[in-house]
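Architecture and fold: a report
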Amino acid sequence: MVDTMAGDVDQAIQSLDQAERKGGGNHNYRWYLSAYRTHILNLAGKAPAAELEAVRAAQREIAFRGSDLMARTLRGDARMRLGDYRGAENDYRQVYQALKGWGFPTSFMGPPSNMSDLTITTEGFNRAVQGMTFITAMEGHFDQTLRWGRILELEFSRLFHVKGHGLYGPFVGTFHSDIFL
């Protein structure tokens, strides 16, 4: 795929565009490219472009899986970077409310057949909670920051428990380096 570690954002976006032209009509693949493009634009400080790309990512996510929860968190990330904390908070809260009670499963009867959905749901949930943690910290609401941070810590504990488990770990695969940031 794209070597984003090299730091050439324009080349990374061009590579994603090229992959999309070659990729055909697979909804999963097209959504992934759009979501990844949104993420790269956010990280590169191009939040206005990321917010626009999140709209396309939402349309593709709905076509792929029937919801736009992950794209909504990516839009929240862009809004947060733009200083629109209310807009970002709205996006994050909608995702959190839709997934309230979610927790990455820590035991399985066999290899999960829904790893894509588990991955997307987990990342969407974590992005929403992490976003709320950041916003409440920036606004000086440290009691709420602690609450959101504890929710996030619990979810990461579940993820790392499963990743380190002898039976379940191999099914989870390798974590993307962004998880550690």
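Anything mentioned here points back to the structure above.
What comes next concerns the included structure. Because the structure is predicted, anything quoted here is derived from the model rather than measured.

**Description of the overall build of the protein**
Helix and strand counts for the protein come out as eight helices and zero strands. Computed over its C-alpha atoms, the radius of gyration of the protein comes to 17 Å, within 12% of the 16 Å expected for a compact globule of 181 residues. Principal-axis analysis of the C-alpha atoms gives the protein an extent of 45 × 40 × 35 Å. In the protein, the proportion of contacts linking residues at least 24 apart, taken out of those at least 6 apart, comes to 57%. Taken as a whole, the protein presents about 9800 Å² of accessible surface, with 55% of it coming from carbon and sulfur. Charged side chains of the protein number 20 positive and 20 negative; the gap between the two group centres comes to 3 Å.

**A few points about the side chain of E61**
You can see E61 is positioned in helix α3 (residues 47-65). On the basis of relative accessible area, E61 is assigned to the buried category, the value being 0%. A polar side-chain atom of E61 sits 2.7 Å from the main-chain amide nitrogen of A71.

**So, the packing of α3 against helix α6 (residues 115-138)**
At a minimum axis separation of 13 Å, α3 and α6 run at an interaxial angle of 145 degrees. Here α3 and α6 pass one another in a crossing that is left-handed. Seen from α3, the contacting residues are E61, F64 and R65; seen from α6, they are D117, I120 and T121. When grouped by side-chain class, the residues that make up the contact of α3 with α6 number two nonpolar, one polar and three charged.

**Here's the deal with helix α7 (residues 142-164)**
Under the 1.5 Å per step criterion, the end-to-end length of α7 is 32 Å for 23 residues, consistent within 8% with the ideal 33 Å. The set of residues buried in α7 consists of T145, W148, L152, E155, L159 and V162. Turning to α7, the residues buried within the fold contact α5 (85-98), α6 and α8 (169-172).

The rules behind the values
Residues numbered from 1 in each chain as written. Predicted model: local features only at pLDDT ≥ 70, side-chain atom pairs only at ≥ 80, totals over all residues. Heavy atoms only, no water. Helix = DSSP H or I, 4+ residues; strand = E, 2+ residues; numbered from the N terminus. Rg over C-alpha atoms; globule rule 2.2 N^0.38 Å. Contact = heavy atoms within 4.5 Å. Areas by Shrake-Rupley, 256 points an atom, 1.4 Å probe, with all protein chains shown as cover. Lys, Arg positive; Asp, Glu negative; His and termini not counted. Charge placed at Lys NZ, Arg CZ, Asp CG, Glu CD. Buried < 20%, exposed > 50% of the residue type's maximum accessible area, 1.4 Å probe, protein only. Polar contact = N/O pair within 3.5 Å; in protein donor to acceptor, adjacent residues only side chain to side chain. Axes fitted to C-alpha atoms, helices over the stretch in contact; angles between N-to-C directions. Left-handed = near helix turned anticlockwise from the far one by under 90°. Nonpolar A, V, L, I, M, F, W, Y, C, P; charged D, E, K, R; others polar. Expected span 1.5 Å × (residues − 1).

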